[in-house]
Amino acid sequence: MQEKEIRNPKSEIRNRRDFFEITHDALDVGAIARRVVPANCGATVTLDGFVRQFTRGRETEYLVYEAYEPMALKEMEKLIERAHAEFEIENIGIVHRLGRLEIGETSVVISVASPHRRAAFEACEWLIKELKRSVPIWKKEVYRDGEIWIEGAE
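Source: prediction; values computed, not measured. (Residues numbered from 1 in each chain as written. Predicted model: local features only at pLDDT ≥ 70, side-chain atom pairs only at ≥ 80, totals over all residues. Heavy atoms only, no water.)

### Here's the deal with the overall build of the chain
Alright, step 1. Within the chain, the regular secondary structure consists of 4 helices and 9 strands.
Alright, step 2. Looking at the chain alone, contacts between residues at least 24 apart form 71% of all its contacts between residues at least 6 apart.
Alright, step 3. Total accessible area on the chain is roughly 8,500 Å²; 49% of this is exposed by carbon and sulfur atoms. (Helix = DSSP H or I, 4+ residues; strand = E, 2+ residues; numbered from the N terminus. Contact = heavy atoms within 4.5 Å. Areas by Shrake-Rupley, 256 points an atom, 1.4 Å probe, with all protein chains shown as cover.)

Quick look at the structure:
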């Protein structure tokens, strides 16, 4: 698992505990969510994105995620910085899994801690939309009768 704590003057002052990772290991949603919780926050909103069985009317057998990891990590870092500029939040964690994932397995976790829940909800929703739009992670959906690579937001 690759982890990078963002460091800049603003984060040093605010004592942020942001992180972003790409891994091939199974994701523990609860453990990831708890990593962003400081004492001054009253809310944590966590997205657990997992493999669904049906997509656009087709039954999915499994998914395969691939990424250009160096660029994906840089883009995740940029998203975190932009989210801090846009929303009244404290900490963000983003972890995306690569490789073959079965139905029900978690592919991405985004957790946002904030003093108030509204900002955490808004930031979490914005982060998943932007992650799908701008981070070079690709998903292959495998069906009984074929497969297709998916790019961008769904």
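Resuming the write-up.
### A look at the side chain of Thr55
Alright, step 1. Inspection of the secondary structure assignment puts Thr55 in strand E3 (residues 54–55).
Alright, step 2. According to the relative accessible area criterion, Thr55 is buried, its value standing at 5%. (Buried < 20%, exposed > 50% of the residue type's maximum accessible area, 1.4 Å probe, protein only.)

### Observations regarding the pairing of strand E4 (residues 58–67)
Alright, step 1. Relative to E4, E3 runs antiparallel, the two being bridged by 2 bridges. Counterpart to Thr55 in the pairing with E4 is Arg58.
Alright, step 2. Between E3 and E4, which follow one another and run antiparallel, lie 2 residues, and Arg56 among them has a positive phi close to 50°.
Alright, step 3. One ladder, built from 7 bridges, connects E4 with strand E8 (residues 137–143); its direction is antiparallel. Residue pairing for E8: Tyr65 is matched across the bridge by Lys139. (Pairing = 2+ DSSP bridges.)

### Points about the environment of Asn40
Alright, step 1. Within the secondary structure, Asn40 is located in the loop between helix H2 (29–34) and strand E2 (43–50).
Alright, step 2. Taking relative accessible area as the criterion, Asn40 reaches 47% and is therefore assigned partly exposed.
Alright, step 3. Residues Asn40 and Glu90 lie 50 residues apart in sequence; the distance between their C-alpha atoms is 8.7 Å.
Alright, step 4. Setting aside anything within four residues of it in sequence, one finds Asn40 in contact with Glu90 and Pro115.

### Side note on the nonpolar core
Alright, step 1. Counting 31 residues, the largest nonpolar core has Met76, Ile89, Ile92, Ile94, Ile110, Val112 and Leu127 as its most contacted members.
Alright, step 2. Contributing elements (two or more residues each) for this core: strand E1 (19–23), E4, helix H3 (69–86), strand E5 (91–97), strand E7 (106–114) and helix H4 (117–134).
Alright, step 3. Counting residues per element, this core draws most heavily on H4, at 8 residues. (Core = buried A, V, L, I, M, F, W, Y, C linked by side-chain atoms within 4.5 Å.)

### Some points on the pattern of salt bridges
Alright, step 1. Applying the stated criterion across every chain, the model contains 14 salt bridges.
Alright, step 2. Among the ionic pairs, Lys129 bridges to Glu125, the shortest N-O distance being 3.6 Å. With a gap of 4 residues between them, Lys129 and Glu125 both fall in helix H4, about one helical turn apart.
Alright, step 3. By relative accessible area, Glu125 is classed as partly exposed at 46%. (Salt bridge = Lys/Arg side-chain N within 4 Å of Asp/Glu carboxyl O.)

Function-wise, these values are silent; they only describe arrangement.
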